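Each chain is listed here by its residues.
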Amino acid sequence: MRCISVYTDNFEQFSDVFEQVIDLKLGENDEREVEGLVVSDSGEVPEHYLERMSVKPEVVVMKDKTRGITILQHGKVFEILLPTETADVVS
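Reading the values: rules and limits
- Residues numbered from 1 in each chain as written.
- Predicted model: local features only at pLDDT ≥ 70, side-chain atom pairs only at ≥ 80, totals over all residues.
- Heavy atoms only, no water.
- Pairing = 2+ DSSP bridges.
- Helix = DSSP H or I, 4+ residues; strand = E, 2+ residues; numbered from the N terminus.
- Axes fitted to C-alpha atoms, helices over the stretch in contact; angles between N-to-C directions.
- Contact = heavy atoms within 4.5 Å.

- An unreviewed UniProt entry annotates the chain as NAD/NADP transhydrogenase alpha subunit originating from Paenibacillus mellifer.

Notes on the sheet that holds strand E4 (residues 60–64)
Now for step 1: Read across the sheet, 6 strands follow the order E2-E3-E1-E6-E5-E4 without closing on themselves; strand pairing throughout is antiparallel. Each of the sheet's edge strands pairs with one partner strand only, and the pair in question is strand E2 (31–34) and E4. Pairwise comparison of adjacent strand axes, ignoring direction, gives a mean angle of 25 degrees for this sheet.
Now for step 2: Pairing geometry for E2 and strand E3 (residues 37–44), over 4 bridges, is antiparallel. Counterpart to Arg 32 in the pairing with E3 is Val 39.
Now for step 3: The strands touched by helix H1 (residues 11–23) within the sheet are strand E1 (2–7), E2, E3, E4, strand E5 (69–74) and strand E6 (77–82), with E6 carrying the most contacts at an inclination of about 30 degrees.
Now for step 4: Against the sheet, helix H2 (residues 47–54) engages E4, E5 and E6, with an angle of about 45 degrees to E5.

Spelled out as structure tokens, the structure:
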């Protein structure tokens, strides 16, 4: 899975830029600013990362089942986890 981090704790701001972030062509460890928010490609994460994070009580897990995207929200960051197949298409 490919991980894209969006640094904000504001869900409304995150929602406003979500589609733009998904469409960005970021290289690994690339960082950009989208509508005032820092967005970075954190590279590949192992499958067990999602399992480990989703059991933590401070982590909110959201899913876009139609695209196979999982979003983790914790602290002041949203992490968008894209399946490798989707990541190949957008990168």
